[in-house]
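As a plain string of letters, each chain reads:
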Amino acid sequence: MNSMNPSRCAFARQLAERVRALAAQVREIDLHAVEDEREGVARLALAARVTGLTDETIALLTQAIDAFDDDQDSDSQQISDVAAIARMTLREKEKLLLRIEVEEDPWEIVDRGDCALRAVGRGLIAIEHALAETCGFEPSIQIVDECDRGIRVRTVYAKFRIAVMNLEQRHASIAARIRGAATALAILTGRDEYPLIRISDRRQLRKLQQRARAWLASDPQTESEGEHLWQELTAVTSLLMQINGRSELVEHDRRVLQEVCAELRFRNASPESLWPRLASLRGLDLSLDRLLDGRRTTEAQAWQEVVCRLADVHLAATVDAGDTAMEPQLAATARG
């Protein structure tokens, strides 16, 4: 049971309701709608709205600090501490929003808005959970699962990579390749997962999309420019797969590969029975992606060879990282 008095917990519940209302407003904001460089007025209006939400959240956090800053009550102090940390972060984000100028680079405005919204969301989640834990009610704001987000984004990146690779195999004409790539980019930017993509990647994808459209509309179409654009497109498909280096995905992949390898090697499990876990690895390796695309015609042995090879690679990388991390500790022990 919590030790906080009933009046404070009643206020905590009221505060939590306001937190949820703010979180609902944050979810309504669509930065995707103002990425186009021509949407200058709408972009500035949206930046102003984000600034307003940030300011409201700071004010709410300040109320929490004032109400629960009590060194004699550890439960109250925990709420105050959480609010203080979140407020400090948001004040920095608000400063960047307030410096936005009319002539600012459009993507810089989108990036600042995205960073602020993410910080607001994290702050609201943190304070609601602190209030709920202390006063014994259930939090209702869903915590973003970064691993799930990463898996979803990696999946659409992998599909884009395969689409571009297939274009190179099917079409000798550079115009046909770029036309196909423009279609693939339109599909990617129209997916439900697109808002989950980091702004830096979205900017790169949008710029390529604009350039592809401009080249296709040019008359005449310069072959050398087309070739250069195609090389950039193929390079970006590889750069996007650096998502595999995110810590949450590295840990997920290591665990899933070991589990699935054991199922295939020692329990003769069918790939179909392991499908959800196998599908979560899409984008990790091109050989695995090919198997996923040909799932109904692939022998179980082929799955075992690819999955277990990747499991061994990830295990070796984990061991190497662990050895490196242990070096300072071992040196300290040796020095006595």
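All values reported here derive from a predicted model rather than from experimental measurement. (Residues numbered from 1 in each chain as written. Predicted model: local features only at pLDDT ≥ 70, side-chain atom pairs only at ≥ 80, totals over all residues. Heavy atoms only, no water.)

Some words on the overall build of the protein chain
Point 1. The helix and strand tally for the protein chain stands at 12 helices and zero strands.
Point 2. Scanning the protein chain from its N terminus toward the C terminus, one meets helices and strands in the order α-α-α-α-α-α-α-α-α-α-α-α.
Point 3. Counting only C-alpha atoms and orienting by the principal axes, one finds that the protein chain spans roughly 70 × 60 × 45 Å.
Point 4. The proportion of buried residues among the 336 residues of the protein chain is 45%.
Point 5. Restricting the contact set of the protein chain to residue pairs at least 6 apart, pairs at least 24 apart contribute 71%.
Point 6. For the protein chain, the accessible area works out to roughly 17800 Å², and carbon and sulfur atoms hold 51% of it.
Point 7. Computed over 44 positive and 55 negative side-chain charges, the inter-centroid distance for the protein chain is 3 Å. (Helix = DSSP H or I, 4+ residues; strand = E, 2+ residues; numbered from the N terminus. Buried < 20%, exposed > 50% of the residue type's maximum accessible area, 1.4 Å probe, protein only. Contact = heavy atoms within 4.5 Å. Areas by Shrake-Rupley, 256 points an atom, 1.4 Å probe, with all protein chains shown as cover. Lys, Arg positive; Asp, Glu negative; His and termini not counted. Charge placed at Lys NZ, Arg CZ, Asp CG, Glu CD.)

Thoughts on the packing of helix α4 (residues 106-135) against helix α7 (residues 199-217)
Between two packed helices, what matters for the description is the angle formed by their axes and the separation of those axes.
Point 1. At their nearest, the axes of α4 and α7 sit 10 Å apart, and the two run at 150° to each other. Compared by their axis directions, α4 and α7 come out roughly antiparallel. The crossing of α4 and α7 is right-handed. In this structure, α4 uses Trp-107, Val-110, Asp-111 and Asp-114 to contact α7, whose residues at the interface are Ile-199, Arg-202, Arg-203, Arg-206 and Lys-207.
Point 2. A class-by-class count of the residues in the contact of α4 with α7 yields three nonpolar, no polar and six charged. (Axes fitted to C-alpha atoms, helices over the stretch in contact; angles between N-to-C directions. Parallel < 35°, antiparallel > 145°, perpendicular 65-115°, else oblique. Left-handed = near helix turned anticlockwise from the far one by under 90°. Nonpolar A, V, L, I, M, F, W, Y, C, P; charged D, E, K, R; others polar.)

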